[in-house]
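Chain residues, written in single-letter form:
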Amino acid sequence: MTPSNWYNIVPDLPTPPPPPLHPGTRQPVGPDDLAPLFPMELIGQEVSTERFVPIPQEVLDVYRLWRPTPLFRARRLEKSLGTPARIYYKYEGVSPAGSHKPNTAVPQAYYNAREGVRLLTTETGAGQWGSSLAFACAQFGLDCRIWMVRASYDQKPYRRSLMQVYGATVYASPSPMTGAGSKALADDPDSPGSLGIAISEAVEVAAATPEARYALGSVLNHVLMHQTVIGEEALTQLPEMPDLVIGCTGGGSNFAGLTFPFLREKLAGRIDTVFRAVEPTACPSFTKGVYAYDFGDTAGRTPLLKMHTLGHSFVPDPIHAGGLRYHGMAPLLSHMYELGLFEAVTRSQTECFEAGVRFARTEGILPAPEPTHALAETIAEALRCKETGEEKVILTALCGHGHFDLSAYDRHLAGQLEDHTLPQERIEQALTELPG
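Sequence order sets the numbering: in each chain, residues are counted from 1 along the sequence as written. At least 70 in pLDDT is required for a residue's local features to be given in this predicted model, at least 80 for side-chain atom pairs to be given and counted, and no such filter applies to totals for whole chains, interfaces and linings, which use all residues. As a rule here, side-chain values cover all heavy atoms of the structure and leave hydrogens and water aside.

*Asks:* Could you give an account of the overall build of the protein, naming the residues involved and the relevant values?
*Replies:* Note on conventions: DSSP H or I runs of at least 4 residues are helices, E runs of at least 2 residues are strands, and numbering of each starts at the N terminus. If you tally the helices and strands in the protein, you get 19 helices and 14 strands. A compact globule built from 436 residues would reach a C-alpha radius of gyration of about 22 Å, and the protein, at 20 Å, matches this within 12%. Categorising residues by exposure relies on relative accessible area from a 1.4 Å probe, with only protein chains included: less than 20% of the type maximum marks a residue as buried, more than 50% marks it as exposed, and the intermediate range marks it as partly exposed. Taking all 436 residues of the protein together, the buried fraction comes to 64%. Whether two residues are in contact is decided by their heavy atoms: any pair within 4.5 Å suffices. Excluding contacts between residues fewer than 6 apart, the proportion of contacts in the protein whose partners are at least 24 apart in sequence is 76%. For the protein, the exposed area adds up to about 15,500 Å²; of that, 51% sits on carbon and sulfur atoms. His is not counted here, nor are the chain ends, while Lys and Arg score as positive and Asp and Glu score as negative. In this description, the location of a charge corresponds to atom NZ of lysine, CZ of arginine, CG of aspartate or CD of glutamate. Taking the average location of the 36 positive side-chain charges in the protein and that of its 48 negative ones, the two points are 5 Å from each other. Radius of gyration here uses only the C-alpha atoms, and the compact-globule reference equals 2.2 Å multiplied by the residue count raised to the power 0.38. Surface exposure here means Shrake-Rupley accessible area, sampled with a 1.4 Å probe, where a residue is shielded only by the protein chains that are shown.

*Asks:* I'd love a proper account of helix α5 (residues 102-114), names of residues and values included.
*Replies:* The end-to-end C-alpha distance of α5 is 18 Å, a good match for the 18 Å that 13 residues give at a rise of 1.5 Å each. Where burial is concerned, most of α5 is hidden: 11 out of the 13 residues are buried. The complete set of buried residues in α5 reads P102, N103, T104, A105, V106, P107, Q108, A109, Y110, Y111 and N112. Immediately downstream of α5, the backbone of G116 shows phi near 90°, a positive value. The span expected for a helix works out to 1.5 Å for each residue beyond the first.

*Asks:* Quick one: what's the story with the sheet that holds strand β5 (residues 119-124), residue by residue and with numbers?
*Replies:* Strand pairing in a sheet is mediated by backbone hydrogen bonds. Such pairs are either parallel or antiparallel. Strand pairing is assigned whenever DSSP detects at least two bridges linking the two strands. Pairing is parallel across the open sheet formed by 4 strands, whose spatial order is β7-β6-β5-β8. The two strands at the open ends of the sheet, each matched to only one other strand, are β7 (169-173) and β8 (212-214). Here the strands of the sheet are splayed against their neighbours by 25° on average, with no regard to which way each runs. In terms of strand pairing, strand β6 (residues 143-149) meets β7 through 5 bridges, oriented parallel. The residue bridging W147 from the neighbouring strand is Y171, located in β7. In this fold helix α6 (residues 128-140) packs onto β5 and β6, with an angle of close to 165° to the strand it touches most, β5. The sheet contacts of helix α10 (residues 195-208) involve β5, β6, β7 and β8, and relative to β5 the element is tilted by about 170°. Axes here refer to lines fitted to C-alpha atoms; in helices the fit is confined to the stretch in contact. Angles between the N-to-C directions go from 0 to 180 degrees.

*Asks:* Quick one: what's the story with the pairing of strand β14 (residues 393-398), residue by residue and with numbers?
*Replies:* Here β14 lies mainly inside the structure; 6 of its 6 residues are buried. Here β14 shows a buried face lined by V393, L395 and A397 and a second buried face lined by I394, T396 and L398. Where strand β4 (residues 86-91) lies against β14, 6 bridges are found, and the strand directions are parallel. In the sheet register, Y88 faces β14, and the bridge partner there is L395. With 3 bridges connecting them, strand β9 (residues 244-248) and β14 associate as parallel partners. Looking across to β14, one finds that I246 is bridged to T396.

*Asks:* Explain the layout of surface pockets residue by residue, including any values.
*Replies:* Throughout, the protein atoms alone are placed on a 1 Å grid, and a set of points is a cavity if a 1.4 Å probe fits but cannot get out or a pocket if it is open with protein on both sides within 12 Å along at least five of seven lines; lining residues have an atom within 4 Å of a point. Grid points are joined across faces, edges and corners, and a volume is the space filled by probe spheres set on the points. As a volume, the largest pocket reaches approximately 680 Å³. Lining the largest pocket are 40 residues; nearest its centre among them are P20, E46, L220, N221 and L305. Put simply, the parts of the chain that give the lining of the largest pocket at least two residues each are α1 (31-34), α2 (40-46), α11 (221-226), β12 (304-309) and α15 (331-338).

*Asks:* With reference to specific residues and values, describe unusual backbone geometry.
*Replies:* The amide bond that connects R67 to the next residue, P68, takes the cis arrangement and shows omega of 0°. Assignment of secondary structure puts P68 in the loop between α3 (57-63) and β3 (71-73). Positive phi outside glycine occurs at R26, with the angle close to 60°. Looking at the element boundaries, R26 is found in the loop between β1 (5-7) and α1. Positive phi outside glycine occurs at V219, with the angle close to 75°. Mapped onto the elements, V219 comes out in the loop between β8 and α11. The exposure class of V219 is buried, given its relative accessible area of 6%.

*Asks:* Quick one: what's the story with helix α9 (residues 179-187), residue by residue and with numbers?
*Replies:* Buried within α9 we find A180, G181 and A184. One face of α9 carries all of its buried residues, which in axial projection span an arc of 95°. Exposed residues pointing more than 90 degrees away from the buried face of α9 are listed as K183 and A186. Buried residues along α9 sit in contact with α10. Summarising the geometry, the arc corresponds to the directions from the helix axis toward the C-beta atoms.

*Asks:* Residues and numbers for the nonpolar core, please.
*Replies:* Grouped together as the largest cluster of nonpolar side chains are 67 residues, with contacts concentrated most on W6, Y63, F260, L333, M336 and F342. Apart from residues lying up to four places away in sequence, Y63 is in contact with T2, W6, I55, P102, N103, V106, P107, H226 and V229. What we call a nonpolar core is a set of buried Ala, Val, Leu, Ile, Met, Phe, Trp, Tyr and Cys residues that are connected through their side-chain atoms within 4.5 Å.

Structure, rendered in C-alpha coordinates:
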(Lines give C-alpha, C1' and ligand atoms only; values in the text may rest on other atoms or scores of the structure.)
Protein backbone atom coordinates (compact mmCIF):
# COMPACT_ATOMS: atom_id res chain seq x y z
CA MET A 1 0.00 0.00 0.00
CA THR A 2 1.26 3.47 -0.89
CA PRO A 3 2.10 5.45 2.27
CA SER A 4 0.11 8.60 3.08
CA ASN A 5 3.22 10.46 4.29
CA TRP A 6 6.75 11.12 3.10
CA TYR A 7 9.47 10.41 5.66
CA ASN A 8 11.96 13.11 6.64
CA ILE A 9 15.07 11.51 8.19
CA VAL A 10 16.64 14.78 9.41
CA PRO A 11 14.98 14.81 12.87
CA ASP A 12 16.28 11.28 13.51
CA LEU A 13 19.94 12.01 12.74
CA PRO A 14 22.52 12.42 15.56
CA THR A 15 23.39 15.89 14.22
CA PRO A 16 21.67 18.11 11.63
CA PRO A 17 23.28 18.60 8.20
CA PRO A 18 25.13 21.87 7.49
CA PRO A 19 22.87 24.49 5.86
CA PRO A 20 23.23 25.81 2.29
CA LEU A 21 25.10 29.13 2.22
CA HIS A 22 24.58 32.27 0.18
CA PRO A 23 27.66 32.50 -2.10
CA GLY A 24 28.01 36.24 -1.44
CA THR A 25 27.47 36.54 2.30
CA ARG A 26 28.37 32.95 3.31
CA GLN A 27 25.36 33.04 5.61
CA PRO A 28 22.66 30.35 5.60
CA VAL A 29 20.19 30.94 2.79
CA GLY A 30 16.66 31.99 3.71
CA PRO A 31 13.29 31.54 1.98
CA ASP A 32 13.69 34.84 0.08
CA ASP A 33 16.95 33.58 -1.45
CA LEU A 34 15.22 30.47 -2.81
CA ALA A 35 11.88 32.02 -3.78
CA PRO A 36 12.96 32.87 -7.37
CA LEU A 37 13.59 29.16 -7.97
CA PHE A 38 11.14 27.16 -5.83
CA PRO A 39 7.57 27.47 -4.53
CA MET A 40 7.24 28.17 -0.81
CA GLU A 41 5.81 24.75 0.02
CA LEU A 42 8.95 23.03 -1.31
CA ILE A 43 11.19 25.56 0.44
CA GLY A 44 9.39 24.65 3.65
CA GLN A 45 9.91 20.94 3.02
CA GLU A 46 13.60 21.58 2.32
CA VAL A 47 14.16 22.80 5.87
CA SER A 48 11.39 20.85 7.61
CA THR A 49 12.03 19.29 11.02
CA GLU A 50 8.84 17.21 10.90
CA ARG A 51 9.45 13.45 10.69
CA PHE A 52 6.45 12.89 8.42
CA VAL A 53 4.98 15.21 5.77
CA PRO A 54 1.47 14.40 4.46
CA ILE A 55 1.20 13.58 0.76
CA PRO A 56 -1.53 15.73 -0.86
CA GLN A 57 -4.54 13.85 -2.20
CA GLU A 58 -3.96 15.29 -5.69
CA VAL A 59 -0.47 13.74 -5.68
CA LEU A 60 -1.74 10.39 -4.39
CA ASP A 61 -4.30 10.38 -7.21
CA VAL A 62 -1.48 10.51 -9.77
CA TYR A 63 0.71 8.08 -7.80
CA ARG A 64 -2.08 5.49 -8.17
CA LEU A 65 -1.22 5.19 -11.87
CA TRP A 66 1.74 3.00 -10.80
CA ARG A 67 2.06 2.85 -7.01
CA PRO A 68 2.58 0.71 -5.06
CA THR A 69 5.39 -0.68 -7.18
CA PRO A 70 6.15 -4.42 -6.98
CA LEU A 71 8.84 -6.06 -4.90
CA PHE A 72 10.22 -9.31 -6.29
CA ARG A 73 12.57 -12.01 -5.08
CA ALA A 74 15.22 -12.66 -7.76
CA ARG A 75 15.05 -16.45 -7.53
CA ARG A 76 16.31 -17.07 -11.07
CA LEU A 77 19.27 -14.77 -10.52
CA GLU A 78 20.02 -16.55 -7.23
CA LYS A 79 19.91 -19.90 -9.01
CA SER A 80 22.24 -18.75 -11.80
CA LEU A 81 24.74 -17.55 -9.19
CA GLY A 82 24.45 -20.66 -7.04
CA THR A 83 24.25 -18.44 -3.98
CA PRO A 84 22.61 -19.09 -0.62
CA ALA A 85 21.83 -15.36 -0.45
CA ARG A 86 18.22 -14.25 -0.89
CA ILE A 87 17.96 -11.28 -3.25
CA TYR A 88 14.97 -8.93 -3.39
CA TYR A 89 14.47 -5.94 -5.66
CA LYS A 90 11.99 -3.08 -5.64
CA TYR A 91 11.02 -2.36 -9.27
CA GLU A 92 10.37 1.32 -10.06
CA GLY A 93 10.38 0.86 -13.85
CA VAL A 94 6.59 0.42 -13.88
CA SER A 95 5.98 4.18 -13.65
CA PRO A 96 4.77 6.06 -16.77
CA ALA A 97 8.28 7.43 -17.36
CA GLY A 98 9.94 4.10 -16.59
CA SER A 99 11.85 5.09 -13.46
CA HIS A 100 11.56 6.28 -9.85
CA LYS A 101 11.74 9.95 -10.83
CA PRO A 102 7.96 10.66 -11.03
CA ASN A 103 7.83 10.12 -7.25
CA THR A 104 9.19 13.66 -6.88
CA ALA A 105 8.28 15.13 -10.28
CA VAL A 106 4.56 14.85 -9.53
CA PRO A 107 4.61 16.70 -6.18
CA GLN A 108 6.97 19.34 -7.55
CA ALA A 109 4.66 20.04 -10.48
CA TYR A 110 1.64 20.03 -8.14
CA TYR A 111 3.07 22.55 -5.66
CA ASN A 112 4.25 24.85 -8.45
CA ALA A 113 0.89 24.76 -10.22
CA ARG A 114 -0.89 25.47 -6.93
CA GLU A 115 1.19 28.64 -6.50
CA GLY A 116 0.42 29.88 -10.01
CA VAL A 117 3.65 28.95 -11.76
CA ARG A 118 3.23 28.49 -15.51
CA LEU A 119 6.64 27.13 -16.60
CA LEU A 120 9.12 24.69 -15.06
CA THR A 121 12.72 24.46 -16.24
CA THR A 122 15.10 21.62 -15.46
CA GLU A 123 18.11 19.62 -16.57
CA THR A 124 18.33 15.92 -17.28
CA GLY A 125 21.19 13.47 -17.70
CA ALA A 126 19.95 10.08 -18.87
CA GLY A 127 16.53 11.54 -19.61
CA GLN A 128 14.64 9.73 -16.86
CA TRP A 129 14.17 12.91 -14.84
CA GLY A 130 13.32 15.00 -17.88
CA SER A 131 10.65 12.58 -19.07
CA SER A 132 9.28 12.34 -15.52
CA LEU A 133 8.95 16.10 -15.14
CA ALA A 134 7.44 16.40 -18.61
CA PHE A 135 4.85 13.78 -17.61
CA ALA A 136 4.15 15.56 -14.31
CA CYS A 137 3.79 18.96 -15.99
CA ALA A 138 1.26 17.44 -18.38
CA GLN A 139 -0.80 16.28 -15.39
CA PHE A 140 -1.03 19.80 -13.94
CA GLY A 141 -1.10 21.97 -17.08
CA LEU A 142 2.44 23.41 -16.89
CA ASP A 143 4.86 24.20 -19.70
CA CYS A 144 8.21 22.43 -19.38
CA ARG A 145 11.66 23.26 -20.80
CA ILE A 146 14.47 20.75 -20.38
CA TRP A 147 18.22 21.04 -20.91
CA MET A 148 19.47 17.53 -21.67
CA VAL A 149 23.19 16.78 -21.30
CA ARG A 150 24.62 16.60 -24.83
CA ALA A 151 26.16 13.12 -24.36
CA SER A 152 22.75 11.68 -23.43
CA TYR A 153 20.90 13.87 -25.96
CA ASP A 154 22.90 12.14 -28.69
CA GLN A 155 22.91 8.65 -27.15
CA LYS A 156 19.23 8.49 -26.20
CA PRO A 157 17.02 10.15 -28.86
CA TYR A 158 13.92 8.26 -27.80
CA ARG A 159 14.10 9.65 -24.26
CA ARG A 160 14.03 13.06 -25.92
CA SER A 161 11.07 11.92 -28.03
CA LEU A 162 9.17 10.82 -24.92
CA MET A 163 9.67 14.23 -23.31
CA GLN A 164 8.33 15.88 -26.45
CA VAL A 165 5.33 13.52 -26.54
CA TYR A 166 4.51 14.69 -23.00
CA GLY A 167 4.68 18.29 -24.28
CA ALA A 168 8.13 19.46 -23.16
CA THR A 169 10.67 21.48 -25.16
CA VAL A 170 14.12 19.85 -25.07
CA TYR A 171 17.50 21.49 -25.71
CA ALA A 172 20.94 19.88 -25.96
CA SER A 173 23.20 21.24 -23.21
CA PRO A 174 25.40 23.18 -23.45
CA SER A 175 23.15 25.32 -25.65
CA PRO A 176 23.67 28.77 -27.19
CA MET A 177 20.38 29.91 -25.63
CA THR A 178 21.90 30.84 -22.26
CA GLY A 179 24.96 32.66 -21.00
CA ALA A 180 26.15 29.54 -19.16
CA GLY A 181 25.73 27.36 -22.23
CA SER A 182 27.39 29.88 -24.55
CA LYS A 183 30.41 30.07 -22.24
CA ALA A 184 30.72 26.28 -22.09
CA LEU A 185 30.58 26.07 -25.90
CA ALA A 186 33.17 28.82 -26.25
CA ASP A 187 35.48 26.89 -23.93
CA ASP A 188 34.83 23.57 -25.70
CA PRO A 189 32.68 23.53 -28.87
CA ASP A 190 32.56 19.71 -28.68
CA SER A 191 31.65 19.56 -25.00
CA PRO A 192 29.73 16.38 -24.02
CA GLY A 193 28.01 18.51 -21.41
CA SER A 194 27.46 17.74 -17.75
CA LEU A 195 24.63 17.94 -15.26
CA GLY A 196 26.39 20.94 -13.71
CA ILE A 197 26.26 22.87 -17.00
CA ALA A 198 22.66 21.85 -17.69
CA ILE A 199 21.63 22.96 -14.19
CA SER A 200 23.24 26.35 -14.83
CA GLU A 201 21.21 26.79 -18.00
CA ALA A 202 17.89 25.78 -16.44
CA VAL A 203 18.47 27.94 -13.35
CA GLU A 204 19.46 30.93 -15.49
CA VAL A 205 16.21 30.82 -17.45
CA ALA A 206 14.04 30.21 -14.37
CA ALA A 207 15.62 33.08 -12.42
CA ALA A 208 15.10 35.50 -15.33
CA THR A 209 11.46 34.53 -16.01
CA PRO A 210 8.87 35.72 -13.43
CA GLU A 211 6.27 33.07 -14.24
CA ALA A 212 8.86 30.27 -14.18
CA ARG A 213 10.43 28.14 -11.47
CA TYR A 214 13.13 25.49 -11.45
CA ALA A 215 12.68 21.79 -10.61
CA LEU A 216 15.48 19.43 -9.56
CA GLY A 217 15.38 15.64 -9.82
CA SER A 218 17.85 14.78 -7.08
CA VAL A 219 20.29 16.22 -4.48
CA LEU A 220 17.95 18.46 -2.42
CA ASN A 221 16.28 17.35 0.83
CA HIS A 222 12.70 17.61 -0.40
CA VAL A 223 13.53 15.47 -3.45
CA LEU A 224 15.06 12.74 -1.31
CA MET A 225 12.06 12.89 1.02
CA HIS A 226 9.56 12.42 -1.82
CA GLN A 227 11.38 9.25 -2.86
CA THR A 228 10.89 7.58 0.54
CA VAL A 229 7.64 6.08 -0.76
CA ILE A 230 9.97 3.40 -2.21
CA GLY A 231 11.42 2.30 1.11
CA GLU A 232 8.18 2.69 3.05
CA GLU A 233 6.44 0.32 0.63
CA ALA A 234 9.38 -2.11 0.72
CA LEU A 235 9.21 -2.26 4.54
CA THR A 236 5.65 -3.58 4.33
CA GLN A 237 6.28 -5.86 1.33
CA LEU A 238 9.41 -7.69 2.47
CA PRO A 239 8.80 -11.06 4.14
CA GLU A 240 12.11 -10.70 6.04
CA MET A 241 14.36 -7.79 6.99
CA PRO A 242 17.48 -7.27 4.85
CA ASP A 243 21.02 -7.77 6.09
CA LEU A 244 22.26 -5.52 3.30
CA VAL A 245 20.61 -2.77 1.22
CA ILE A 246 22.40 -1.73 -1.98
CA GLY A 247 21.60 1.25 -4.22
CA CYS A 248 23.24 3.23 -7.01
CA THR A 249 24.13 6.87 -6.38
CA GLY A 250 24.45 9.82 -8.74
CA GLY A 251 22.75 12.69 -6.95
CA GLY A 252 21.35 10.27 -4.39
CA SER A 253 17.54 10.29 -4.66
CA ASN A 254 17.06 6.60 -5.52
CA PHE A 255 19.45 5.44 -2.79
CA ALA A 256 17.85 7.75 -0.23
CA GLY A 257 14.34 6.73 -1.21
CA LEU A 258 15.09 3.07 -0.67
CA THR A 259 17.28 3.34 2.42
CA PHE A 260 15.91 6.16 4.60
CA PRO A 261 12.93 4.22 6.02
CA PHE A 262 15.24 1.27 6.80
CA LEU A 263 17.81 3.63 8.33
CA ARG A 264 15.03 4.95 10.57
CA GLU A 265 14.52 1.41 11.83
CA LYS A 266 18.26 0.95 12.36
CA LEU A 267 18.67 4.25 14.19
CA ALA A 268 15.82 3.15 16.48
CA GLY A 269 17.64 -0.12 17.20
CA ARG A 270 15.03 -2.35 15.55
CA ILE A 271 17.26 -3.77 12.77
CA ASP A 272 21.02 -4.12 12.15
CA THR A 273 21.13 -3.68 8.38
CA VAL A 274 24.22 -2.54 6.42
CA PHE A 275 23.72 0.06 3.66
CA ARG A 276 25.97 0.37 0.62
CA ALA A 277 26.02 3.07 -2.09
CA VAL A 278 27.48 2.22 -5.50
CA GLU A 279 28.84 4.86 -7.87
CA PRO A 280 30.67 4.79 -11.24
CA THR A 281 34.47 4.65 -11.35
CA ALA A 282 34.19 7.56 -13.81
CA CYS A 283 32.39 9.83 -11.32
CA PRO A 284 33.25 8.73 -7.75
CA SER A 285 32.12 11.66 -5.62
CA PHE A 286 31.77 9.64 -2.40
CA THR A 287 34.94 7.61 -2.70
CA LYS A 288 37.30 10.17 -4.27
CA GLY A 289 35.64 13.54 -3.81
CA VAL A 290 36.14 15.90 -0.87
CA TYR A 291 33.53 16.98 1.67
CA ALA A 292 33.35 20.73 1.17
CA TYR A 293 31.08 23.63 0.29
CA ASP A 294 30.68 23.83 -3.47
CA PHE A 295 28.25 25.07 -6.10
CA GLY A 296 25.60 22.67 -7.32
CA ASP A 297 26.13 23.88 -10.88
CA THR A 298 29.06 24.75 -13.13
CA ALA A 299 28.38 28.48 -13.49
CA GLY A 300 28.11 29.08 -9.75
CA ARG A 301 24.49 30.26 -9.74
CA THR A 302 23.26 27.99 -6.95
CA PRO A 303 23.77 28.34 -3.19
CA LEU A 304 26.88 26.70 -1.74
CA LEU A 305 26.13 23.14 -0.65
CA LYS A 306 28.21 21.12 1.84
CA MET A 307 28.64 17.87 -0.06
CA HIS A 308 31.02 15.28 -1.37
CA THR A 309 32.20 16.86 -4.61
CA LEU A 310 34.66 16.39 -7.45
CA GLY A 311 34.51 20.16 -8.11
CA HIS A 312 31.72 22.05 -9.87
CA SER A 313 33.86 22.50 -13.01
CA PHE A 314 34.38 18.73 -13.34
CA VAL A 315 32.97 17.24 -16.57
CA PRO A 316 32.68 13.43 -16.34
CA ASP A 317 33.48 11.09 -19.20
CA PRO A 318 30.42 10.30 -21.34
CA ILE A 319 29.47 7.00 -19.71
CA HIS A 320 26.05 5.57 -20.54
CA ALA A 321 24.78 5.88 -16.95
CA GLY A 322 23.94 9.52 -17.62
CA GLY A 323 22.00 9.86 -14.38
CA LEU A 324 25.19 9.19 -12.40
CA ARG A 325 27.32 11.85 -14.14
CA TYR A 326 27.05 14.52 -11.44
CA HIS A 327 30.02 16.19 -9.77
CA GLY A 328 28.47 16.24 -6.30
CA MET A 329 26.37 14.15 -3.96
CA ALA A 330 23.23 15.13 -2.07
CA PRO A 331 24.26 17.23 0.96
CA LEU A 332 22.06 15.17 3.27
CA LEU A 333 23.61 11.90 2.08
CA SER A 334 27.08 13.44 2.23
CA HIS A 335 26.47 14.40 5.87
CA MET A 336 25.20 10.90 6.64
CA TYR A 337 28.23 9.34 4.94
CA GLU A 338 30.45 11.46 7.17
CA LEU A 339 28.48 10.11 10.15
CA GLY A 340 29.31 6.56 9.02
CA LEU A 341 25.70 5.52 8.40
CA PHE A 342 26.49 3.73 5.14
CA GLU A 343 29.35 2.50 2.94
CA ALA A 344 30.30 3.48 -0.63
CA VAL A 345 32.02 1.52 -3.41
CA THR A 346 32.61 1.95 -7.15
CA ARG A 347 31.90 -0.28 -10.16
CA SER A 348 33.14 0.01 -13.75
CA GLN A 349 30.92 0.45 -16.80
CA THR A 350 31.61 -2.95 -18.39
CA GLU A 351 30.99 -4.99 -15.24
CA CYS A 352 27.76 -3.07 -14.72
CA PHE A 353 26.49 -3.86 -18.21
CA GLU A 354 27.49 -7.50 -17.69
CA ALA A 355 25.33 -7.47 -14.57
CA GLY A 356 22.47 -5.87 -16.53
CA VAL A 357 22.62 -8.55 -19.20
CA ARG A 358 22.72 -11.32 -16.59
CA PHE A 359 19.75 -9.81 -14.80
CA ALA A 360 17.78 -9.52 -18.05
CA ARG A 361 18.52 -13.13 -19.00
CA THR A 362 17.45 -14.46 -15.60
CA GLU A 363 14.77 -12.09 -14.31
CA GLY A 364 13.50 -10.89 -17.71
CA ILE A 365 13.71 -7.15 -16.99
CA LEU A 366 16.23 -5.00 -18.87
CA PRO A 367 17.69 -2.56 -16.32
CA ALA A 368 18.66 1.04 -17.03
CA PRO A 369 22.44 1.60 -16.87
CA GLU A 370 22.16 3.40 -13.51
CA PRO A 371 20.78 0.49 -11.42
CA THR A 372 23.20 -1.96 -13.06
CA HIS A 373 25.75 -0.47 -10.67
CA ALA A 374 23.71 -1.72 -7.73
CA LEU A 375 23.12 -5.02 -9.51
CA ALA A 376 26.85 -5.49 -10.11
CA GLU A 377 27.52 -5.02 -6.40
CA THR A 378 24.56 -7.25 -5.51
CA ILE A 379 25.92 -10.04 -7.70
CA ALA A 380 29.41 -9.62 -6.23
CA GLU A 381 27.99 -9.84 -2.70
CA ALA A 382 25.90 -12.88 -3.60
CA LEU A 383 29.03 -14.60 -4.95
CA ARG A 384 30.87 -13.76 -1.71
CA CYS A 385 27.99 -15.46 0.12
CA LYS A 386 28.50 -18.48 -2.14
CA GLU A 387 32.10 -18.70 -0.91
CA THR A 388 31.26 -18.16 2.77
CA GLY A 389 27.94 -19.99 2.90
CA GLU A 390 26.20 -16.95 4.40
CA GLU A 391 22.45 -16.78 3.80
CA LYS A 392 22.33 -12.99 3.60
CA VAL A 393 19.14 -11.18 2.70
CA ILE A 394 19.98 -8.51 0.11
CA LEU A 395 17.63 -5.74 -1.03
CA THR A 396 18.25 -3.45 -3.98
CA ALA A 397 16.26 -0.96 -6.04
CA LEU A 398 15.82 -1.47 -9.76
CA CYS A 399 15.11 2.24 -10.24
CA GLY A 400 14.31 2.12 -13.96
CA HIS A 401 14.07 -0.02 -17.08
CA GLY A 402 16.54 0.15 -19.96
CA HIS A 403 14.20 0.18 -22.94
CA PHE A 404 15.60 3.54 -24.06
CA ASP A 405 19.18 2.36 -23.51
CA LEU A 406 19.35 -0.41 -26.09
CA SER A 407 22.01 1.42 -28.10
CA ALA A 408 24.27 1.17 -25.05
CA TYR A 409 23.52 -2.52 -24.69
CA ASP A 410 24.26 -2.92 -28.43
CA ARG A 411 27.70 -1.39 -27.86
CA HIS A 412 28.30 -3.59 -24.84
CA LEU A 413 27.35 -6.77 -26.70
CA ALA A 414 29.66 -5.72 -29.55
CA GLY A 415 32.54 -5.22 -27.11
CA GLN A 416 32.72 -1.49 -27.85
CA LEU A 417 32.15 -0.06 -24.36
CA GLU A 418 35.16 1.29 -22.54
CA ASP A 419 35.80 1.62 -18.84
CA HIS A 420 36.58 5.12 -17.60
CA THR A 421 38.65 5.33 -14.44
CA LEU A 422 39.02 8.88 -13.25
CA PRO A 423 42.68 9.99 -13.01
CA GLN A 424 43.57 11.67 -9.74
CA GLU A 425 45.04 14.67 -11.54
CA ARG A 426 41.64 15.51 -13.09
CA ILE A 427 40.06 15.51 -9.65
CA GLU A 428 42.82 17.68 -8.23
CA GLN A 429 42.48 20.15 -11.10
CA ALA A 430 38.72 20.53 -10.61
CA LEU A 431 39.12 20.85 -6.85
CA THR A 432 41.42 23.85 -7.28
CA GLU A 433 38.30 25.79 -8.34
CA LEU A 434 36.32 25.14 -5.16
CA PRO A 435 34.98 28.40 -3.72
CA GLY A 436 37.39 29.67 -1.08
